[in-house]
Amino acid sequence: MSTEFEFTVDGETVVAKPGQTIMDACDDAGVYIPRLCDVEGLVPQGSCRVCTVKVNGRTAAACTQPAEPGVVVENDTPQVQGYRRDLVRMLFHEGNHLCPICEASGRCELQAMAYRLGISQDSLYPYLQPVRPVDASHPDIALDTNRCILCGRCIRASRDVDGKNIFEYVGRGIHKRIGVNAENLAASDASIDDYAMSLEVCPVGCIIRKREGFFAPIGQRQFDNKPIGWEIEARHKNRIAVHQIDPSEEQS
Amino acid sequence: MDNDNATLIKQACADYDNDPRRMMDILWQVQDKLRCIDGEAMSLIASLTGTYRVEVEGVVSFYAFFSDKRKGDITIRLCDDIIDRHAGAQAVAEAFSGALGIQPGETSTDGAFSLEFTPCIGMCDQAPAALINDVVVTRLTPAKVKSILRTLRKTKDPQTLIGKTGDGANSDPLVQAMVRNNIRQPGPVLLTDVDPEQGLRAALQLSPQEVISHIEESLLRGRGGAGFPTGRKWRLAANTPAEERYVICNADEGEPGTFKDRVLLTEKPDLLFSGMTIAAYAVGARHGILYLRGEYRYLRAYLEETLQRRREQNLLGSGILGRKDFAFDIRIQMGAGAYICGEESSLISSCEGKRGEPKNRPPFPVQSGYLGYPTVVNNVETLSCVPRIMAQGATWFRGMGTTGSSGTKLLSVSGDCARPGIYEVAFGVTLAEILEQAGAQDAAAIVVGGASGQIVGRTEFHRRLCFEDLASAGAIVCFNSSRNILEAAAYYMDFFIEESCGYCTPCRVGNVFLKKGLEKIMHGEGEPEDLDYLRNLSDTIIATSRCGLGHTSPNPILSTMEYFPLVYSAMVKERPGGMQAGFNIQKALDEARIIAKRRSLIYDPAYGDRE
Ligand SMILES: Cc1cc2nc3c(=O)[nH]c(=O)nc-3n(C[C@H](O)[C@H](O)[C@H](O)COP(=O)(O)O)c2cc1C
Ligand code: SF4
Ligand code: SF4
Ligand code: SF4
Ligand code: FES
Ligand code: FES
C-alpha cells in the first residue's frame, strides 16, 4: 500500500506518496501550484479555488484532490492560469483593496498572486465596494475585514493549532464573513501570541498586529524581489526558472 | 437574559441531550419559542452543548428560518419566485405591506408580524403562495390578504386560516392544509393504489446482496437530478467496511418549480418509508434520517405519526417483520430554509448540526458520510420506486421508459398552463406532449429542471425528458409569449446569489458579477462583447466551483443565450466612436454629487445659475 507512485504535471513526472494531495506531491517536487486558502501546516479546505488544475481533463482543486497513479495534471496552461486570474480578480473586486495604503502591501499573498499571474490591468468585473466593519477593539490586534478574502486560515489556525476557536464563518453567500467568538475581538480570548494572529496565517492585510505596521521598508518586503511560490520552486531538482507571467501574455 | 428565556433554552438543549449534532433541532425550538436566537442565546447554547458561540452564530446565520433579530409572532413568508410573480405575487406583497405598514424584510414595531420574501416553497401549482409560520396559504389575492390579516389579528393563530382543506391526506387531522395535490396524471409506479409493504416483504425474502442486484438490474437512477445509478450507490455503501451505515432520504426539494416530493410525502409516506427500510436492509444500515425541508413542516406531525404507526406494525424498530437480525428506525431532521442543503453532502453537514456547506469529495458519502459513516442519500421519488421494483420485478420496471432511463418520472408542471400539477409519465415523453396534456399549447419558453436547469424555446419542444436528453428532477415551468425571458433568468440568478453557501470564490462572487452583467444588458446598456464576457465568466464559474450549485448556476444565462439569441441581440448595441454604452454620465455624476454634496457647474448649468 505505502509504495510511491507517479503521475505527470504538464508532462513532467512527479512522485507521490499514498495519501498525498496533488498539491502535496507537487510541493515536494518543487512544482508550484498557486494557492491562497491553503498553507502548510493547516488542513486544506478547498475554498479559494486558485489551485484549480485539470486532472485527466477535469478541473479539481489541487489542495484537496488526492494524487492518483498515472493521472495527467495540467497546471501551467493558458486555460488554467486564466481561471486563476479570474478567481484572483474576483477576490480583489469582492472586498475593498487599496494596496498603496495597505500595511500588508509587499507581503500580501493576494497582491503577490496577482503579480505572479500577470494581472496588470483593470478587469471588466464590477467592484462590489461592500461596507464592512473594522474591529479595533483589541489592544494588540485589529481586524479590517475590508481586505478579508475568506480563506479561513485564521479559523483553522485558531481551532487546530491554538485550540481556541476565535474565528468562524458566519452568514452565507456574498454576505459570508469572518465572525469572532464574542461581541468583538477584545471580548474574546484572542491574544497577539496566538498562531492565528501571526504573520504567516492571514494572507492579506485583514488581521493586523498593532504597532508593528510597515515593518519592512519598500524593497525589502517579502515579495519585493521574489515572486510568491519561489521557495517551493527552489526545491525543484532542475531549479526551473521561476515563472512569472509577463503581463503581455495575459488574455482577457 | 431573563430567567424564563434561559429556562426555555436549557430545556431545548436538554431535549436533545445537549448534543451539538442536534443543533438544528435545538435552534428550531429556541427560534419557535423566543422568535429569535440572539447573542446571549447563542452563548448559552454554546456553553450547554460544549461548542463555541461563534459556531452557533455560524449555524444560525446560515439558515433563512433562523434569526438573531426578533421576528414577529407571526412571520409571513411570501414566495417571490417568477412563477408567483406571474401569478400576481407583487400585488399580494403590496397588499401585505400596505396593511401591515412594513416592507418585506421588516417586523412590525409591536412585534406581531414579520413579512419576508422566500424562494419557492413547493406550491408552484397553486401560486401565489406563502408560509404563515408553518401554515401554507395558496392562491393568494389582495382580497384574500385582507381577510387573512383580519383573522390573524383576531385569533393570532395561523391554523385558523384554514377553511376548506385540500384533497387526500391534506385533510388528515394531523395535516389540515389547504394544499391541493393536483395529481393530473397518475401512473403505474408511484401514483397508484397498491400495498406499500409488498416490496418490503419480497425484499426480506432475499439476501441484502440480492436486493442490491435487483435494484441494479432495474437500472433505477436517482430522481433528485443527478441520475446516479441507485444500485451502484447502494453497493458502494454496502461494500465500505464500517460499524454503522446510514440511509438518508433527501426531502429538501428546493429546486424552484419542483413539488412532486411534497405530493409523495403527503399521499405515499408508507411507500417512501418502506423504500428506506429496503435500502437499509440492502446496505446494512440501522439508522435512517428523513431530511425534511423547513417549508414542509406542516407535514411533520403527520409523518411522525406514520413512523410511529410503522413501529407499532413492526415495520420499523427491531425485528422488522419477524426478522430478528434486522433493526432499523428513522428520525426526521428539519431543514431551515437553505437550497444548498439539497446537495447531499451539505444535507449531511446540516444533519450533523453544522452550517449546510458541502463537504470535500473524495471521500464520497457512500464512503464517509453522516458522522463519518457510509451513507446512502437518495431522493424521495427514488426511494419510493424501490418497493415497487421489489414487488413487480426489475424487468417490469425496465419495460417503462427508455434504454437509459427506466421507469416513470413525476413531473411538476406549473406556470402558464391550464392544468398545473403532477404528471407521472414514462421517461422519454416529449416536452410537446406534456405541454399538450397540461394545456400549455401557447407556451413560448419552458424552464426544464428549475433554476439549475435549462430555459428552452419552441425549437426544443420535440426533445425528450430522460437522462439521455433533457435530464432534470422534473420541474416544468411554462411561460407564455407575454413573459420576459431575461427577467426570469435574472430572477434565477438572484436565487443563486441568495442560496450560494459562499464557501468558494467563483460561486460566491462570480454569480453576483453574472447578474450584474445581465442587468446591464437588460437596461439596454449592453454591447456585443458583453455576451462573451458572460460566457467566459460562466465558464470560470462552472469549471472552478466546488459543488453542483456553482456548476449549474450560470445555466439560466447560458441557456437563454443559446435558445433565445434574438432576445439578446435585440438588447445589445454596437456603440460607435468608442462610446461606452455601460457608462452613464449622469449616474456617475450622481455619485460624485453625493460625495461632494454639490452639483456640477458643467452638467447642471441651471444649478450654477441659481448660485
Ligand atoms: C445545489 C443542489 C441542490 C440539490 N437539491 C436536491 C433536492 O432538493 N432534492 C434531491 O433529492 N436532490 C437534490 N440534489 C441532488 C443531491 O445532491 C443528490 O444527488 C441526490 O439527493 C441523490 O439522490 P438520488 O440519487 O436519489 O437522486 C441537489 C444537488 C445540488 C447540487
Ligand atoms: S490586502 Fe493585499 S491586495 Fe488587499 S489592499 Fe492590502 S496589499 Fe492590496
Ligand atoms: S481574516 Fe485573514 S486569514 Fe482570516 S479568513 Fe480573512 S483573509 Fe483569511
Ligand atoms: S459552488 Fe457555491 S454552493 Fe457550492 S460550495 Fe461553492 S459557494 Fe458553496
Ligand atoms: S488553495 Fe486550493 S482551494 Fe484554495
Ligand atoms: S411556490 Fe412559488 S415557485 Fe414554487
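Every value quoted in this text rests on a predicted model; they were computed, and no experiment measured them. (Residues numbered from 1 in each chain as written. Chains lettered and ligands numbered in written order. Predicted model: local features only at pLDDT ≥ 70, side-chain atom pairs only at ≥ 80, totals over all residues. Heavy atoms only, no water.)

**Quick word on the overall build of chain B**
Line of reasoning, step 1. Counting secondary structure elements, chain B contains 25 helices and 14 strands.
Line of reasoning, step 2. Taken over the C-alpha trace, chain B has a radius of gyration of 25 Å; the compact-globule value for 611 residues is 25 Å, and the two agree within 12%.
Line of reasoning, step 3. Burial status across chain B gives 60% buried among its 611 residues.
Line of reasoning, step 4. Nonlocal contacts in chain B, meaning residues at least 24 apart in sequence, comprise 70% of its contacts between residues at least 6 apart.
Line of reasoning, step 5. About 23000 Å² of surface is accessible on chain B, with carbon and sulfur atoms providing 50% of the total.
Line of reasoning, step 6. Taking the average place of the 67 positive charges on the side chains of chain B and the average place of its 76 negative ones, the gap between the two points comes to 1 Å. (Helix = DSSP H or I, 4+ residues; strand = E, 2+ residues; numbered from the N terminus. Rg over C-alpha atoms; globule rule 2.2 N^0.38 Å. Buried < 20%, exposed > 50% of the residue type's maximum accessible area, 1.4 Å probe, protein only. Contact = heavy atoms within 4.5 Å. Areas by Shrake-Rupley, 256 points an atom, 1.4 Å probe, with all protein chains shown as cover. Lys, Arg positive; Asp, Glu negative; His and termini not counted. Charge placed at Lys NZ, Arg CZ, Asp CG, Glu CD.)

**Thoughts on the state of the cysteines**
Residues and elements named next belong to chain B.
Line of reasoning, step 1. On inspection of all chains with the given rule, the structure shows zero disulfides over all chains.
Line of reasoning, step 2. C466 forms no disulfide, and the closest cysteine sulfur to it belongs to C385, at a distance of 16 Å.
Line of reasoning, step 3. Residue C466 is classed as buried on the basis of its relative accessible area of 4%. (Disulfide = S-S within 2.5 Å.)

**Concerning the interface of chain B and chain A**
Line of reasoning, step 1. Contacts between chain B and chain A engage 41 residues on the former and 43 residues on the latter.
Line of reasoning, step 2. Carbon and sulfur atoms make up 57% of the surface buried where chain B meets chain A, a total of about 3400 Å² over both sides.
Line of reasoning, step 3. Of all residues in chain B, V54(B), R508(B) and F513(B) give up the largest surface area on contact with chain A, accounting jointly for 18% of the area buried on that side.
Line of reasoning, step 4. Seen at the junction of chain B and chain A, the total is five salt bridges.
Line of reasoning, step 5. Linking E499(B) and R172(A) is a salt bridge whose minimum nitrogen-to-oxygen distance equals 3.1 Å.
Line of reasoning, step 6. Taken together, chain B and chain A are joined by 22 residue pairs in polar contact (both at pLDDT 80 or more).
Line of reasoning, step 7. Residue composition of the side of chain B that touches chain A, by class: 18 nonpolar, 11 polar and 12 charged. (Buried area = accessible area lost by both parts, 1.4 Å probe. Salt bridge = Lys/Arg side-chain N within 4 Å of Asp/Glu carboxyl O. Polar contact = N/O pair within 3.5 Å; in protein donor to acceptor, adjacent residues only side chain to side chain. Nonpolar A, V, L, I, M, F, W, Y, C, P; charged D, E, K, R; others polar.)

**Let's talk about the site of ligand 3**
Line of reasoning, step 1. Residues in close proximity to ligand 3 include C148(A), I149(A), L150(A), C151(A), G152(A), C154(A), I178(A), C202(A), P203(A), V204(A), C206(A) and I207(A), which together make up its full environment.
Line of reasoning, step 2. In the shell around ligand 3, the residues fall into 11 nonpolar, one polar and no charged. (Near = heavy atom within 4 Å.)

**Quick look at unusual backbone geometry**
Residues and elements named next belong to chain B.
Line of reasoning, step 1. For the bond running from R361 to P362, omega is -10 degrees, close enough to zero to count as cis.
Line of reasoning, step 2. Inspection of the secondary structure puts P362 in the loop between α14 (344–351) and β9 (375–379).
Line of reasoning, step 3. The omega torsion across P362 and P363 is 0 degrees, close enough to zero to call that bond cis.
Line of reasoning, step 4. Turning to its location among the elements, P363 is positioned in the loop between α14 and β9.
Line of reasoning, step 5. The phi torsion at L219 lies on the positive side, around 60 degrees, for a residue other than glycine.
Line of reasoning, step 6. Mapped onto the secondary structure, L219 falls in the loop between α9 (208–218) and α10 (230–239).
Line of reasoning, step 7. At E253, a position not held by glycine, the phi torsion is positive, near 25 degrees.
Line of reasoning, step 8. Mapping E253 onto the fold places it in the loop between β6 (246–251) and α11 (260–267).
Line of reasoning, step 9. Looking at E253, the relative accessible area reads 7%, which means it is buried.

**Details of the site of ligand 1**
Residues and elements named next belong to chain B.
Line of reasoning, step 1. Neighbouring ligand 1 are 18 residues; G224, N250, N378, N379 and T382 lie closest to it.
Line of reasoning, step 2. A distance of 2.9 Å is found between an oxygen atom of ligand 1 and a backbone nitrogen or oxygen belonging to E344.
Line of reasoning, step 3. Relative to its free-state accessible area of 600 Å², ligand 1 is covered by the protein chains to the extent of 90%.
Line of reasoning, step 4. Elements that contribute at least two residues to the shell around ligand 1 include exactly β9 and α21 (548–552).
Line of reasoning, step 5. Among the elements that make up the shell around ligand 1, the one with the highest residue count is β9 (three residues).
Line of reasoning, step 6. Residues belonging to the shell around ligand 1 are distributed by class as follows: three nonpolar, nine polar and six charged.

**Considering the nonpolar core**
Line of reasoning, step 1. By size, the foremost hydrophobic cluster in this structure holds 222 residues, and its most contacted members are F167(A), I45(B), Y63(B), W234(B), L290(B), I446(B) and I476(B).
Line of reasoning, step 2. Ranked by residues supplied to this core, first place goes to helix α18 (residues 485–499) of chain B with 11 residues.
Line of reasoning, step 3. Filtering out sequence-adjacent residues up to four positions away, I476(B) remains in contact with L411(B), S412(B), V413(B), S414(B), L431(B), L435(B), I446(B), V447(B), V448(B) and L465(B). (Core = buried A, V, L, I, M, F, W, Y, C linked by side-chain atoms within 4.5 Å.)

**Quick word on the packing of aromatic side chains**
Line of reasoning, step 1. One pass over the full model with this rule turns up 16 aromatic pairs over all chains.
Line of reasoning, step 2. Between W396(B) and F397(B), the ring centres sit 6.4 Å apart and the planes meet at 45 degrees, which makes this aromatic pair tilted.
Line of reasoning, step 3. Judged by relative accessible area, W396(B) falls into the partly exposed class, the value being 26%.
Line of reasoning, step 4. According to the relative accessible area criterion, F397(B) is buried, its value standing at 0%.
Line of reasoning, step 5. Grouped by ring-pair contacts, the aromatic residues W28(B), F62(B), Y63(B), F65(B) and F66(B) constitute a single cluster.
Line of reasoning, step 6. Against the face of F62(B) rests R172(A), its NZ or CZ located 5.9 Å from the ring centre. (Phe/Tyr/Trp six-rings, centres within 6.5 Å; stacked < 30°, edge-to-face > 60°. Lys NZ or Arg CZ within 6 Å of the ring centre and 35° of its normal.)

**A look at the environment of S414(B)**
Residues and elements named next belong to chain B.
Line of reasoning, step 1. Tracing the backbone shows S414 in strand β10 (residues 408–415).
Line of reasoning, step 2. With a relative accessible area of 0%, S414 lands in the buried category.
Line of reasoning, step 3. Distance in space between the C-alpha atoms of S414 and L292 is 22 Å, their sequence separation being 122 residues.
Line of reasoning, step 4. In this view, S414 contacts I83, C124, D125, F259, P420, I476, V477 and C478; residues no more than four positions away in its chain are not counted.

**Regarding the pattern of salt bridges**
Line of reasoning, step 1. Enumeration according to the criterion identifies 54 salt bridges over all chains in this entry.
Line of reasoning, step 2. With a closest N to O distance of 3.7 Å, R235(A) and E40(A) form a salt bridge. A residue pair is termed long-range when its members are at least 10 positions apart, and R235(A) in the segment after α5 (230–233) and E40(A) in the loop between α1 (22–29) and β3 (52–55) qualify at 195 residues.
Line of reasoning, step 3. A relative accessible area of 37% means that R235(A) is categorised as partly exposed.
Line of reasoning, step 4. Where K233(B) meets E344(B), a salt bridge forms, and the shortest distance between an N and an O atom there is 3.7 Å. With K233(B) in helix α10 and E344(B) in helix α14, this pair connects stretches of sequence that are 111 residues apart.
Line of reasoning, step 5. One network of salt bridges, with partners in common, ties together E197(B), D270(B), R309(B) and R310(B).

**Re the side chain of D135(A)**
Residues and elements named next belong to chain A.
Line of reasoning, step 1. Residue placement: D135 occurs in strand β6 (residues 134–135).
Line of reasoning, step 2. Of the side chains bearing the opposite charge, K210 lies closest to the buried D135, which forms no salt bridge; the N-O distance is 7.3 Å.
Line of reasoning, step 3. Side-chain polar atoms of D135 contact the side chain of S137, separated by 2.6 Å.

**Describing the domain arrangement of chain B**
Residues and elements named next belong to chain B.
Line of reasoning, step 1. Parsing chain B into structural domains produces domain 1 (3–60), domain 2 (74–163), domain 3 (185–398), domain 4 (408–483), domain 5 (486–571) and domain 6 (582–611).
Line of reasoning, step 2. In this structure, domain 1 and domain 3 have C-alpha centres spaced 29 Å apart.
Line of reasoning, step 3. Residue-level contacts link 10 residues of domain 1 with 16 residues of domain 3.
Line of reasoning, step 4. Regarding the contact of domain 1 and domain 3, the summed buried area is about 1000 Å², with carbon and sulfur atoms giving 50% of it.
Line of reasoning, step 5. Scanning the region where domain 1 abuts domain 3 turns up one salt bridge.
Line of reasoning, step 6. D32 is the salt-bridge partner of R297, the closest N and O atoms lying 3.0 Å from each other.
Line of reasoning, step 7. At the junction of domain 1 with domain 3, the criterion picks out five residue pairs in polar contact (both at pLDDT 80 or more).
Line of reasoning, step 8. Every element with two or more residues in the side of domain 1 that touches domain 3 is listed here: α2 (23–34) and α4 (53–60). (Domains from an automatic or database assignment.)

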